[in-house]
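Secondary and tertiary structure notes
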There are 4 protein chains.
Amino acid sequence: MSQPKQVNVGVLGATGTVGQRFILLLAAHPFFHTTGLGASPRSAGQPYHRAVRWKQTSPIPSSVRDIVVKECKPEEFADCVVIFSGLDADVAGDIELAFRAAEFAVFSNAKNHRRDPVVPLIVPLVNSSHLSIIPHQRSLHSLQKGFIVTNANCSTTGLVVPLAALEHAFGPLESILVTTLQAISGAGYPGVPSLDIFDNVVPYIGGEEEKMEYETLKILGGLTEDGKSFDLHSNTPLRVSASCNRVPVIEGHTEIVSVRFAQRPPPSPEEVRQALASFTPPGIPEESAKVVCPSAPERAIVVHDVLEVDRPQPRLDRDFQGGAGVNVGRVRECPVLDIKFVLLVNNVALGAATSSIINAEIALEKGVIQV
Amino acid sequence: MSQPKQVNVGVLGATGTVGQRFILLLAAHPFFHTTGLGASPRSAGQPYHRAVRWKQTSPIPSSVRDIVVKECKPEEFADCVVIFSGLDADVAGDIELAFRAAEFAVFSNAKNHRRDPVVPLIVPLVNSSHLSIIPHQRSLHSLQKGFIVTNANCSTTGLVVPLAALEHAFGPLESILVTTLQAISGAGYPGVPSLDIFDNVVPYIGGEEEKMEYETLKILGGLTEDGKSFDLHSNTPLRVSASCNRVPVIEGHTEIVSVRFAQRPPPSPEEVRQALASFTPPGIPEESAKVVCPSAPERAIVVHDVLEVDRPQPRLDRDFQGGAGVNVGRVRECPVLDIKFVLLVNNVALGAATSSIINAEIALEKGVIQV
Amino acid sequence: MSQPKQVNVGVLGATGTVGQRFILLLAAHPFFHTTGLGASPRSAGQPYHRAVRWKQTSPIPSSVRDIVVKECKPEEFADCVVIFSGLDADVAGDIELAFRAAEFAVFSNAKNHRRDPVVPLIVPLVNSSHLSIIPHQRSLHSLQKGFIVTNANCSTTGLVVPLAALEHAFGPLESILVTTLQAISGAGYPGVPSLDIFDNVVPYIGGEEEKMEYETLKILGGLTEDGKSFDLHSNTPLRVSASCNRVPVIEGHTEIVSVRFAQRPPPSPEEVRQALASFTPPGIPEESAKVVCPSAPERAIVVHDVLEVDRPQPRLDRDFQGGAGVNVGRVRECPVLDIKFVLLVNNVALGAATSSIINAEIALEKGVIQV
Amino acid sequence: MSQPKQVNVGVLGATGTVGQRFILLLAAHPFFHTTGLGASPRSAGQPYHRAVRWKQTSPIPSSVRDIVVKECKPEEFADCVVIFSGLDADVAGDIELAFRAAEFAVFSNAKNHRRDPVVPLIVPLVNSSHLSIIPHQRSLHSLQKGFIVTNANCSTTGLVVPLAALEHAFGPLESILVTTLQAISGAGYPGVPSLDIFDNVVPYIGGEEEKMEYETLKILGGLTEDGKSFDLHSNTPLRVSASCNRVPVIEGHTEIVSVRFAQRPPPSPEEVRQALASFTPPGIPEESAKVVCPSAPERAIVVHDVLEVDRPQPRLDRDFQGGAGVNVGRVRECPVLDIKFVLLVNNVALGAATSSIINAEIALEKGVIQV
């Protein structure tokens, strides 16, 4: 429970939007210390502030301004133990494999390895227990220290936190129907052309609904008995229906959720509110959370008061707790399923870089990362 | 089937946003002729172009520019037969009753009388058959010609058109789960403060969910056997769950809909697409539609091609057919209910003034309006 | 003055945003008939509706839906007399030269040839007299019929219309200081990333200020005495200072203009208002304007009443006259120069395709196009 | 230079948007301690968190959550020395006079007393020397301790900071031409209706241009020789022409400025950049600034590098230094006047509450506030 030792980390995709977030968050981190920045060959060789088109609302941290960007090759990151990958999906697959093969602890925000049967897909407030598959992952690939952990799609991340809280309190869910209203920042940069989304809604995001429907099962399910794969919630079938929409909001995904419980009669809205508000993420030691998991939110789920009938709202609530928690409001009965509610997740914080960093904090605390 | 004779009409609430729409639409109408404009005592006595803060994207029609605005009193509208009411709900109730009592045919966009057991709530592409209750309404109030017909809430209007098409083709629905993404113009003027909705979603619209859940039943249900009240879909229970959200879009409500049919097995997505595309509104005579119902759309429902995966979109599709039809896209299986799809309704056209006008056209054709 | 004969035209860059506008406008044109569509080799060979990502708010005109797209080579457009070019600047230069060399009458919206000393830069409401250089252009290139006419940058186009009216009424201007608030559609598609412009202003548009400062001189100036080049307003020096900004508006450029006249004392605001409102474009025959220039606006400049203190506004005024005129408001004294005012120009209508088409209409009427 | 003692302060208009900002800023203040909250009689008597419709992006500070709101009467604020007024102009005038008469030091954000000949209009980075009129103000009103200091209109505030730097370095200015692109938050809440400003520019803000033209003279000018009034820059006439526009931006006013110097030849852009970047606000003791003026920015003016051609931008730059400084970019020659540049001021920080607080800090340090 003493302050962890300093750990050198590298950031891949450092000039992209997720990479910029990693850099901002890590600049203020008590024990992760950014020493390596990787980007495309075009950027390599330049000091970071020249290579990047910085799009954040606070300036480039002075500690990384002049770090020379390198290509994303393991040999360039010899002084790092942990690698955070904010790479685009078109290159992330092979590069992350190369870093794992070179015995790095890789925490990836990319989608490429999320469906790999031995790569855990971890939302840190939900299923850090899935880190237990790492020894098997290493053994399969004949590694001593290297591994890959991915975090989930930003929309999935927001969804599974309250769902996990509900399953924890009331047993298995049977059906989930979710409609998302997703922010433009979820599409990266340049991302969504302004002509497509000004004064508009785009009721389709390629691949997003499939990701939400699959990832929810992988995250909420357990491991198989032998501990060597994920059971995809197979003990009790869980049906997930997602409809994903892009809306003209900069940051913060809103999700409209209806759920049906296996338990009959289902819990009341008031019971659901209490279960959500009192949920504490398994795997984060409560008494030492601030020391070992400094990036985790104080409250995993903030439940808005029943009087705050029009909350959560992205512009007003997305920065609460640095965007590391999930906000839930409007918990009420659903005339078709059992209960419906609204949730808000900060897609660029908990929905992306923040999750990777908390995952690494937990992995360090559990000894999964070998320093 | 000959061209109907000219009918003088009055517009109440003429300076408001709905009233402005009535005026624009009626200025180009082949047989409704606007002769009276009613507004608050503050506006009365001024020529229309002085009284109004005109907010439309085309100029004030020259035919109404200099009409002197009157107070909303029946005696001021002696030369009118039909009254279109775009009044705000805080005054609409009593004023509309007064006009009915004075033997006017009142077509109202306000919510006040929608739950009245003898006032039909008519979406013209769906349930103009409910006009059959008018004789009973008159008899109850000892009237010869006067009556009130209301149109539905803008979100309900968009929803019930495809639902009616589905019930027509496949029999009763069992459950409907709908999430709306509603435009700011739905709240009138000044309506939503910009600080509340820029870069934001507001996941609550006061009273809207209750309206959608009630009105859907009144519209899709039939009349009771004695023809003197509405059965609220009582033969086969229909559960409706609505979640209503305000989004930063100027015009056009998007609705994400999942339905479950009573019929097992349910129809396939392809069967649903065909049923929607081929739906023709009952009560509008097909062969003479353009003459007697010139404001009705050529196609009640436009179904987007399966290749147009990201449609309908409000900015691109809301003005098709002058906003008088409903656009549907993304018809596909729902893992939780049976079928899900996306619809778009122009809230200020079909969702408001256009519906009232088509209702009046049908009522004229059926002889319900006594000229 | 009889209806002109039918003229076959081709559109280059037909799948781009300017090309889509050309197609919409030409589909309703009384004598230009679109028979050829040119685009990149990637699109060539496909029917238009497959090749294009249509982004307009009305559907693809049925008359062009199935036209097979060709490469932008003169031999593919043998049945056309007039070519409208909506090509991007990176390819427009050479392709337009090739079409001119092949004896086509080329009307270009691209910037490439605007500074060519023998290519007229024509804003149709202002300087169609510059068509008189065409014989010299042909002679230089040994052509019988071929020529290139360009239209101006969208911001320049809006600016020079009222400036020409002022010079016409009050003699030469001495200084112009203009600040633009430009719409995103001015940047084409995909154009401005939404992350760059949501809730933001970008106070820089590459090359735009230089274009406005140069083009204003070329358009407002006359020809040199020998009629073989443009005098760039050299008789009386005119200083132009432009500051260009991108704002979160979809369509319609707003420009804040201050001018100083050579004439002392300068005209009063009321004299300026009258001069603007009564301006009639030279070169468009008044009595037959609707027949020979059907795309020209009825009023070149609409001056907002002094009571309309907050107009023009892009959303409310950009579609007036189909966006073919310029709206001016808030004419008042400037404490630093003489007079200041606000103007609005529809950047995708008069600021782009509409100007090219009116230019071609005038050129046809004057016999410059040889059918 | 030791840490100032604690000073109790009251906030009037505490439930409004400016009041909310005062509360947020003061909650973190090292020596101003909020003990009184004043609002309308309707709110009085309720704990603050019930009375307010909180619209900030961080939660209500716990230190004020349960403070009971009082009416804006001096006797209710007996424990306060300093009063910050965020009152609306329709009530601010009389209430502020009453507090002054009751011997409070009143720092007002309202416009009511800005033109009072003995009330200083202070932009803290510019003219805190104007506090020297306070003894005369007191004497006129027979007061011992009471006085009123106002801060400037938000747009004026941003403008005068670089202008003061230029006059400090290069002597008097002769002409200023400024076009503003102002954020919606400048209009308060509910303020601008979303239907008026979505996808739009409104080229008019009532009274704003007059305020900028007058206030600039009062702030940049000195006191008359007898020290009893302001000279409105009378020694060297200064012409100011302002054109004010509302744009769809939430926070941060952008201003496009051209200036002409009295000095011929004028300074070069590079000299201007250096003068701006090195400007230090007179009246804030440099060595102890952080202690006595903790709310002042470290750099009064941040000048963007010539390579940052598209900065400042409201979304990216408005929160730098907590919005307490002014950002300037694009310093270059103006073909009509001498130099032009772009500035950004955070209208709700330096443009409002932050200025009032720094004014109070300086007044405390100078002994003008008598604790």
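Keep in mind that what you see is a predicted model, and the values were worked out from it rather than measured. (Residues numbered from 1 in each chain as written. Chains lettered and ligands numbered in written order. Predicted model: local features only at pLDDT ≥ 70, side-chain atom pairs only at ≥ 80, totals over all residues. Heavy atoms only, no water.)

1. Describing the nonpolar core
Nonpolar side chains in soluble globular proteins generally cluster together in the buried interior. Heads up, the condition is: Only buried residues count toward a nonpolar core, which is a set of Ala, Val, Leu, Ile, Met, Phe, Trp, Tyr and Cys residues joined through side-chain atoms within 4.5 Å. When a residue's accessible area, from a 1.4 Å probe over protein chains only, is under 20% of the maximum for its type it is buried; when over 50% it is exposed; and in between it is partly exposed. Reported domain spans reflect what an automatic or database domain assignment gives.
By size, the foremost hydrophobic cluster in this structure holds 86 residues, and its most contacted members are Phe32(C), Tyr48(C), Phe84(C), Phe107(C) and Val259(C). Mapping this core onto the domain boundaries places at least three of its residues in each of domain 1 (7-153 + 353-365) and domain 2 (154-346) of chain C.

2. A look at the interface of chain A and chain C
The line we're drawing: We call two residues in contact whenever any of their non-hydrogen atoms come within 4.5 Å of each other. Throughout, the accessible surface (probe 1.4 Å) given up by two parts as they are put together, summed over both, is called the buried area. What makes a salt bridge here is a side-chain nitrogen of Lys or Arg within 4 Å of a carboxyl oxygen of Asp or Glu, nothing more. Here the term charged refers only to Asp, Glu, Lys and Arg, the term nonpolar to Ala, Val, Leu, Ile, Met, Phe, Trp, Tyr, Cys and Pro, and the term polar to all other amino acids, Gly among them.
Taken together, the 17 residues of chain A in the interface contact 17 residues of chain C. For chain A, the biggest contributors to the area lost against chain C are Ser194(A), Leu195(A) and Phe198(A); these three give 41% of the whole. For the salt bridge of Lys55(A) with Asp196(C), the shortest nitrogen-to-oxygen distance reads 2.7 Å. Considering only residue class, the side of chain A that touches chain C consists of 11 nonpolar, 3 polar and 3 charged.

3. Quick look at the packing of aromatic side chains
Keep this limit in mind: Centres within 6.5 Å make a pair out of two Phe, Tyr or Trp rings, where for Trp the six-membered ring is used; the pair is then stacked when the planes are under 30 degrees apart, edge-to-face when over 60, and tilted otherwise. Under the scheme used here, helices are H or I runs from DSSP no shorter than 4 residues and strands are E runs no shorter than 2 residues, and both carry numbers assigned from the N terminus. Counting as a charge over the ring demands two things of the Lys NZ or Arg CZ atom: a distance within 6 Å of the ring centre and an angle within 35 degrees of the ring normal.
Under the counting rule described, the total for this entry stands at 38 aromatic pairs over all chains. Relative to Phe261(C), the ring of Phe170(C) lies with its centre 5.7 Å away and its plane at 85°, an arrangement referred to as edge-to-face. With a gap of 91 residues between them, Phe170(C) in helix H6 (residues 154-170) and Phe261(C) in strand E9 (residues 253-261) connect regions that are remote in the sequence. Each of the two residues, Phe170(C) as well as Phe261(C), counts as buried. Aromatic side chains Phe107(D) and Phe147(D) sit 5.6 Å apart centroid to centroid with 90° between the ring planes, which places their arrangement in the edge-to-face category. A residue pair is termed long-range when its members are at least 10 positions apart, and Phe107(D) in strand E5 (residues 105-108) and Phe147(D) in strand E6 (residues 147-150) qualify at 40 residues. Considered together, Phe107(D) and Phe147(D) belong to a single accessibility category, that of buried residues. Taken together through their ring pairs, the aromatic side chains of Phe22(A), Phe31(A), Phe32(A), Phe84(A), Phe107(A) and Phe147(A) make up a single cluster. Above the face of the Phe77(A) ring, Lys70(A) is positioned so that its terminal group lies 5.0 Å from the ring centre.

4. Considering the interface of chain B and chain A
How we decide: Any N or O atom pair separated by 3.5 Å or less is treated as a polar contact, with the protein-specific requirement of one donor-capable and one acceptor-capable atom, and with residues adjacent in sequence counted only for side-chain atom pairs.
Each partner contributes to the interface: chain B provides 47 residues, whereas chain A provides 47 residues. Across the chain B to chain A interface the summed buried area is about 3700 Å²; carbon plus sulfur atoms make up 58%. Across the contact surface, chain B and chain A share 8 salt bridges. The closest approach of N and O atoms between Arg330(B) and Glu209(A), which form a salt bridge, is 2.8 Å. At the junction of chain B and chain A, the tally comes to 22 residue pairs in polar contact (both at pLDDT 80 or more). Elements with a minimum of two residues in the side of chain B that touches chain A: strand E7 (173-182), helix H7 (194-197), helix H8 (208-220), strand E8 (239-246), strand E9 (253-261), helix H11 (314-317), strand E11 (326-333) and strand E12 (339-345) of chain B.

5. With respect to the packing of helix H1 (residues 17-27) of chain A against helix H12 (residues 349-365) of chain A
Residue and element names in this part refer to chain A. Selection rule: As a rule, the C-alpha atoms of each element are fitted with a line to give its axis, helices using only the stretch in contact, and angles between N-to-C directions run from 0 to 180 degrees. Convention used here: angles under 35 degrees read as roughly parallel, angles over 145 as roughly antiparallel, angles from 65 to 115 as roughly perpendicular, and any remaining angle as oblique. A crossing counts as left-handed when the near helix is turned anticlockwise from the far one by less than a right angle, and as right-handed when that turn is clockwise.
Where H1 contacts H12, the axes come no closer than 9 Å and their chain directions differ by 50°. Put simply, H1 runs oblique to H12. Crossing geometry of H1 relative to H12 is assigned as right-handed. The segment H1 lies against H12, with Val-18, Arg-21, Phe-22, Leu-25 and Leu-26 engaging Ala-353, Thr-354, Ser-356 and Ile-357. For the contact of H1 with H12, the residue count by class is 6 nonpolar, 2 polar and 1 charged.

6. Let's talk about the side chain of Gln20(A)
Examined against the element boundaries, Gln20(A) turns out to sit in helix H1. The contact partners of Gln20(A), leaving out residues within four places of it in the chain, are Ala14(A), Thr15(A), Tyr48(A), Val52(A), Arg53(A), Trp54(A), Lys55(A) and Gln56(A).

7. Points about the pattern of salt bridges
Here the structure, examined in full by the defined rule, presents 52 salt bridges over all chains. One salt bridge in this structure joins Glu174(C) and Arg260(C), with 2.9 Å as the shortest N-O distance. One end of the pair, Glu174(C), is in strand E7 (residues 173-182); the other, Arg260(C), is in strand E9, and 86 residues separate them in sequence. Residue classification places Glu174(C) among the partly exposed positions, given a relative accessible area of 26%. Through salt bridges with shared partners, a single ionic network connects Glu209(A), Arg330(B) and Arg332(B).

8. Some remarks on the UniProt feature "domain: Semialdehyde dehydrogenase NAD-binding" (unreviewed entry) in chain A
For the record, the criterion: UniProt positions are given in the numbering used here, feature names are shortened, and annotations may be inferred rather than shown by experiment.
UniProt tags residues 8-134 of chain A as "domain: Semialdehyde dehydrogenase NAD-binding" (unreviewed entry). Helix makes up 26% of residues 8-134 of chain A and strand 18%, whereas the separation of the span's terminal C-alpha atoms amounts to 21 Å.

9. A short note on the UniProt feature "active site" (unreviewed entry) in chain A
Residues and elements named next belong to chain A. Here, UniProt's "active site" (unreviewed entry) annotation points to Cys-154 and His-253. Spanning 100 residues, the named residues nonetheless gather at one spot, since no C-alpha pair among them exceeds 8.1 Å. Assignment of secondary structure puts Cys-154 in helix H6 (residues 154-170). Since its relative accessible area comes to 11%, Cys-154 is described here as buried. Discounting residues that sit within four places of it in the chain, Cys-154 has contacts with Glu-208, His-253, Glu-255, Val-345, Asn-347 and Gly-351. Mapping His-253 onto the fold places it in strand E9 (residues 253-261). For His-253, a relative accessible area of 0% translates into the label buried. Once you skip the residues sitting within four places of it in the chain, His-253 turns out to touch Cys-154, Ser-155, Leu-181, Gln-182, Ala-183, Gly-186, Leu-343, Leu-344, Val-345 and Asn-347.

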